[in-house]
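Here are the chains, one letter per residue:
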Amino acid sequence: MEPATVSDQPDLGESLSTEGFDHLARREKDGSYSLSVMVRGVHCAACIQKIEGALRREDHIRDARLNYSTGRLSMHWDGKAQEANDYVRTVESLGFGVVPYDAAEEESTSQQEERFLLLCLGVAGFAMGNIMLLSVGLWSASSEIMGLATRELFHWVSAIIALPTILFSGRPFFRSAVKVLAKGQTNMDVPISIGIILTGAMSLFGTINHSEYVYFDSAVMLIFFLLIGRYFDFRARKHARSTATGLLSALSGFAHVLKDSKIQRLPVRDLEEDMTVRVMAGEKCPVDGIVTEGRSEIDTSLITGETLPQVIENGSHVYAGTMNIAAPIQIKVMKRAEDTLLADIIRLMEQAGQGQAQYVRIADRAARLYTPVVHSLAALAFIGWLVFGGIVWQEALMIAITVLIITCPCALGLAVPVVQVLATGKLMKNNVLVKSGDALERLAGIDTVLLDKTGTLTAGHPALQGDYDGNSLRLAASLAAHSTHPLSKALAGSYDGALYELSDVRDHPGRGMEAVYKGKAVRLGSRTWCGDETAPQDEWMELWLSVADDKPVRFTFSDTLRADTAAVVDELKNGGLTPVMVTGDRQSAASSVAQACGIKQYHAQQTPPDKYKILEGLKTAGHKVLMVGDGLNDAPVLAGADVSMAPGSAIDMAQNAADIIFMGDQLSPVALTYKTACFTQKLVKQNFALAVVYNIIAIPIALAGLVTPMIAALAMSGSSLLVIANSFRLRLKT
Amino acid sequence: MSVLIYLIPIALFLGLLGLGAFVWSIKSGQYDDLEGAARRILLDDDDDNKN
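Residues numbered from 1 in each chain as written. Chains lettered and ligands numbered in written order. Predicted model: local features only at pLDDT ≥ 70, side-chain atom pairs only at ≥ 80, totals over all residues. Heavy atoms only, no water.

**Section: the interface of chain A and chain B**
Here's step 1: Every contact between the two is made by 38 residues of chain A and, on the other side, 29 residues of chain B.
Here's step 2: Interface of chain A and chain B: buried area, both sides summed, is about 2,800 Å²; carbon and sulfur atoms make up 60% of it.
Here's step 3: Where chain A packs against chain B, one counts 1 salt bridge.
Here's step 4: Note that R40(B) and E52(A) form a salt bridge whose closest N and O atoms lie 2.8 Å from each other.
Here's step 5: Applying the counting rule to chain A against chain B returns 3 residue pairs in polar contact (both at pLDDT 80 or more).
Here's step 6: Contributing elements (two or more residues each) for the side of chain A that touches chain B: α3 (45-56), β3 (61-67), α5 (104-140), α7 (148-169) and α10 (216-251) of chain A.
Here's step 7: Per-element tally for the side of chain A that touches chain B: the top contributor is α5(A), with 11 residues.
Here's step 8: The residue inventory of the side of chain A that touches chain B, partitioned by class, reads 19 nonpolar, 9 polar and 10 charged. (Contact = heavy atoms within 4.5 Å. Buried area = accessible area lost by both parts, 1.4 Å probe. Salt bridge = Lys/Arg side-chain N within 4 Å of Asp/Glu carboxyl O. Polar contact = N/O pair within 3.5 Å; in protein donor to acceptor, adjacent residues only side chain to side chain. Helix = DSSP H or I, 4+ residues; strand = E, 2+ residues; numbered from the N terminus. Nonpolar A, V, L, I, M, F, W, Y, C, P; charged D, E, K, R; others polar.)

Quick look at the structure:
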């Protein structure tokens, strides 16, 4: 194909952008079609209405529903599969991004699990309410008033409600207990399961034998409270997972593949070696490749940390994730050869991920300590009462079971999930997405922050600096307004007056812009093309403006810090953390940024492996490290650090590797998240302390055999409510 | 106390009714998008002619 047709491509690109969705449409049994896609940019109720309303006005659409929590839009229509493309176009024309999404299977299993938990919770709640109705009667009236027959009736009704409930709603615990026992290990679900089953069985036994007390209410209440904790925990994890799959689906976007001189849209993961892919201006390269056609500039800042765009032409290598900014190009797909940059980085990331796996969550640590203690206490109570107490084995067993119930970790089960759900919810309102469940816990323990420069400390785009002659600036801005190059955009953006009318504007990719003004040729571009090549070199990025034969004017740019960078770094320092900056950029650029935001330690000109070595050095020295970065070059460090954060502007791979993602133009979410994490951890520890205090009081009573069903119920719900109330202090603190 | 013969079944029936409603709401997907539901209440749904 001729280069000329390549540069005509933007028009074609427009019409292409919604093809390919028909392949993803699913045919339903009744001949209709359905399609699920991810919609980006939904942030309010009006967006839901705009999208659903527009789709419902289409003739064939039967139903369109947008899940706000997950950003997933499902459409269902009669007619042809091809209509999928029209519908996607409708949504895109409203200004939303549409991304194919095919993790439907995983989605439905997680949804089933959530429904299952809710169902168990609902049944347990129903049973608890009804048994309590009877239990309150049993507690408040002695058997003389009530009459033996009525007591028996109440016990039997309780049994009829409780036993099926235990079998039904206890399944989440039984399953998990069986699973770990099969592996020869133990977790908190083992004493819970034993406690529940034994309580049910013994209470049934007691009912048959006309015993005074039965504990159906305790068993069901235990299930109910623990299921609340389980459900919260699941919600937190599900939220983390859906954030992660949302990011993954961006990776599985489409690429424009040139085949038999026709352009097709293929999912990125289906690309094969030697295919030719067309990358429009403003599009990211989907794969590693070699340029075969066209001349352009690419923004590699996400990969190398370099702020200046680089010129590419025939034969240049381009990497996945780099942004093509100037003109359309064609690239030949290279397989992930062992020596590509991406392969290096992926290898480093895998290595990093392995090193991180041994982290044990505080809840699991507590469970490890807790389960043996509970089991041995219960066993001791049984043997002790049997041997020294001189009572029959049924009574001894009942005491052992009450020990098991009353120490059963209702409060422990709620301690972490409730705080976590509240904390992630609060952070989400502040545009911080927590991707992994234990990220906040790990974040609370750090002492060092590694910060990437470009795109993290800085905004990642250049800004004009210095003062210029008004006329030159106006002329340069007029010309720059025609270009999408980052320097041109910065130049055009810094001038807000009226622009000159130019004629014959031409773009020379890799060199600059050319136009005619008042009969004179005007050029704006690189030093070699229209600048003064003898001028001294310095660290700034530059553009040159030349008008006919006049002396060229130089415009310099620097990457500006985010508005609140210095304040955030200060805040982190006040929190007792050591900030360290790592960047792939030049020494001079690094030192000025480090100085401006008050960072004493910095490392410039670091390749991805270098950055990783710095991290390893810190970790071997015993430091706990938070990494904040946005580029491909940061990805291994993000994966390997104790905990990591990436801005929403980061490349997909960095977002995938990071535990926490923050949106917006500011760096302040980093400090906010750290503070929230510390407070969250404090609350979790307090909750554990509350649970332990409660046990210290309750265990002796249980061991003494003094616990009646009412005391067990009060103790259990009391401690759970206390823990929940304490967790809600997170809400109060802003 | 004989009134309990009626009261207990009534209480159980009402409870089961509630449970039934809850199960129905789960099955029809009303808990799948809690965030969205919170926002949909603000929508003016007059122009949704097809639903």
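There is more to say, and it comes next.
**Side note on the packing of aromatic side chains**
Residue and element names in this part refer to chain A.
Here's step 1: Under the defined criterion, the tally for this structure stands at 7 aromatic pairs over all chains.
Here's step 2: The interplanar angle of 25° and the centroid separation of 6.2 Å between the aromatic rings of Y33 and W77 together place this pair among those described as stacked. Here the residue Y33 occupies a position in strand β2 (residues 33-40), and W77 occupies one in strand β4 (residues 72-77), the gap between them amounting to 44 residues.
Here's step 3: Exposure remark for Y33: the relative accessible area of 13% places this residue in the buried category.
Here's step 4: According to the relative accessible area criterion, W77 is buried, its value standing at 0%.
Here's step 5: Ring geometry for W77 against Y87: centres 5.3 Å apart, planes inclined by 70°, an arrangement best described as edge-to-face. (Phe/Tyr/Trp six-rings, centres within 6.5 Å; stacked < 30°, edge-to-face > 60°. Buried < 20%, exposed > 50% of the residue type's maximum accessible area, 1.4 Å probe, protein only.)

**What to know about the nonpolar core**
For soluble globular proteins, the rule of thumb is that nonpolar side chains tend to be buried together.
Residue and element names in this part refer to chain A.
Here's step 1: Counting 122 residues, the largest nonpolar core has L457 and L626 as the members making the most contacts within it.
Here's step 2: Looking at which element gives the most residues to this core, the answer is α5, with 15 residues.
Here's step 3: No fewer than three residues from each of domain 2 (119-224) and domain 4 (417-458 + 562-675) sit in this core.
Here's step 4: With residues near it in sequence (within four places) discarded, L626 still touches L443, I446, T448, V449, L450, V643, S644, M645 and V670.
Here's step 5: If you look at the next biggest cluster of nonpolar residues, it comprises 25 residues, including I51, I61, L66 and V91. (Core = buried A, V, L, I, M, F, W, Y, C linked by side-chain atoms within 4.5 Å. Domains from an automatic or database assignment.)

**Quick notes on the sheet that holds strand β12 (residues 310-312) of chain A**
Here's step 1: Here 4 strands make up an open sheet; going across it, the order is β9-β14-β11-β12 (chain A) and the pairing antiparallel. On the outer flanks of this sheet lie β9 (283-284) and β12 of chain A, each paired with one strand and no other. (Pairing = 2+ DSSP bridges.)

**Comments concerning a nonpolar patch on the surface**
Here's step 1: A grouping of V3(B), I5(B), Y6(B), L7(B), I10(B), F13(B), L14(B) and L17(B) is seen on the molecular surface, where their side chains present a nonpolar patch of about 850 Å² in accessible area.
Here's step 2: Relative to the assigned elements, F13(B) resides in helix α1 (residues 4-27). (Patch = residues over 30% accessible without salt bridge, like charges linked within 9 Å, V, L, I, M, F, W, Y side chains within 5 Å. Areas by Shrake-Rupley, 256 points an atom, 1.4 Å probe, with all protein chains shown as cover.)

**A short note on the confidence of the model for chain A**
Here's step 1: Per-residue confidence for chain A gives a mean pLDDT of 80; residues scoring 70 or more make up 86%.
Here's step 2: Counted against residues more than four places away or in other chains, residues 1-17 of chain A, with its pLDDT under 50, gives 23 contacts. (pLDDT = per-residue confidence, 0-100.)

**Focus on the packing of α7(A) against helix α9 (residues 189-208) of chain A**
Residue and element names in this part refer to chain A.
Here's step 1: The contact between α7 and α9 brings their axes to 10 Å, and the two run at 155°. In terms of orientation, α7 lies roughly antiparallel with respect to α9. In the packing of α7 onto α9, the handedness of the crossing is left-handed. Contacts from E152, H155, W156, A159, L163 and I166 of α7 reach α9 at I196, G200, L204, T207 and I208.
Here's step 2: Partitioning the contact of α7 with α9 into residue classes produces 7 nonpolar, 3 polar and 1 charged. (Axes fitted to C-alpha atoms, helices over the stretch in contact; angles between N-to-C directions. Parallel < 35°, antiparallel > 145°, perpendicular 65-115°, else oblique. Left-handed = near helix turned anticlockwise from the far one by under 90°.)

**Points about the sheet that holds strand β26 (residues 625-628) of chain A**
All names here are of chain A.
Here's step 1: Here we have 7 strands laid out as an open sheet, ordered β16-β28-β27-β26-β17-β24-β25, and mixed in their pairing. In the strand order of this sheet, the two ends are held by β16 (432-434) and β25 (601-603), each with one partner. Each strand axis lies, on average, 20° off the axis of its neighbour in the sheet, ignoring direction.
Here's step 2: Bridge count between strand β24 (residues 578-582) and β25: 3 bridges; the pairing is parallel. Paired with V580 across the two strands is Q601, which belongs to β25.

**Some words on the environment of Q605(A)**
Residues and elements named next belong to chain A.
Here's step 1: Position of Q605 relative to the elements: it lies in the loop between β25 and α23 (608-620).
Here's step 2: Measuring from C-alpha to C-alpha, the distance between Q605 and A590 comes to 8.6 Å, with 15 residues separating the pair along the chain.
Here's step 3: Sequence-distant contacts of Q605, that is, excluding residues within four places in its chain, are made with T583, G584, D585, R586, Q587 and D610.

**Considering the packing of helix α21 (residues 565-574) of chain A against helix α26 (residues 668-703) of chain A**
Residues and elements named next belong to chain A.
Here's step 1: Interhelical geometry of α21 versus α26 gives an angle of 25° and a closest axis separation of 8 Å. Here α21 lies roughly parallel to α26, going by the angle between them. The two elements α21 and α26 cross, and the hand of that crossing is left-handed. Contacts between α21 and α26 involve V568, E571 and L572 from the first element and S668, V670, A671 and K675 from the second.

**A word on unusual backbone geometry**
Peptide bonds are trans in most cases, and residues, glycine excluded, mostly fall at negative phi.
All names here are of chain A.
Here's step 1: With a phi close to 55°, D504 is a non-glycine residue in the positive phi region.
Here's step 2: Tracing the backbone shows D504 in strand β19 (residues 503-508).
Here's step 3: The exposed category is assigned to D504, whose relative accessible area is 59%.
Here's step 4: Here the phi dihedral of K518 falls at roughly 50°; this positive angle occurs in a residue that is not glycine.
Here's step 5: Structurally, K518 is set in the loop between β20 (512-517) and β21 (520-525).
Here's step 6: Take K518: its relative accessible area is 71%, and that puts it in the exposed class.

**Some thoughts on the pattern of salt bridges**
Here's step 1: According to the stated counting rule, one finds 17 salt bridges over all chains in the structure shown.
Here's step 2: Notably, a salt bridge pairs E52(A) with R56(A), separated by 3.6 Å at the nearest N-O pair. Here E52(A) pairs with R56(A), and both are found in helix α3, just 4 residues apart, close to one helical turn.
Here's step 3: Relative accessible area serves as the criterion here: at 3%, E52(A) is assigned to the buried category.
Here's step 4: On the accessibility criterion, R56(A) (5% relative accessible area) is buried.
Here's step 5: Here D63(A) ties to R56(A) by a salt bridge, and the two come within 3.6 Å at their closest N and O atoms.
Here's step 6: Among the ionic contacts, a cluster of salt bridges with common partners joins E52(A), R56(A), D63(A) and R40(B).

**Regarding the pairing of strand β15 (residues 329-333) of chain A**
All names here are of chain A.
Here's step 1: A large share of β15 lies buried, amounting to 4 of its 5 residues.
Here's step 2: Note: strand β8 (residues 276-279) against β15, 4 bridges, orientation antiparallel. Residue pairing in the sheet places R278 in a bridge with Q330 of β15.
Here's step 3: The sheet contact formed by strand β10 (residues 289-293) and β15 spans 4 bridges and is antiparallel. By the bridge assignment for β15, E293 is matched with Q330.

**Considerations on the pairing of strand β11 (residues 296-299) of chain A**
Residue and element names in this part refer to chain A.
Here's step 1: Where β11 lies against β12, 3 bridges are found, and the strand directions are antiparallel. Within the sheet, the bridge partner assigned to S296 lies in β12 and is I312.
Here's step 2: Pairing analysis gives 2 bridges linking β11 to strand β14 (residues 323-324), with the strands arranged antiparallel. Pairing of I298 across the sheet is with N324, part of β14.

**A few points about the confidence of the model for chain B**
Here's step 1: When pLDDT is averaged along chain B, the result is 80, and 84% of the positions lie at 70 or above.
Here's step 2: Here the predicted complex carries an ipTM of 0.83, next to a pTM of 0.70.

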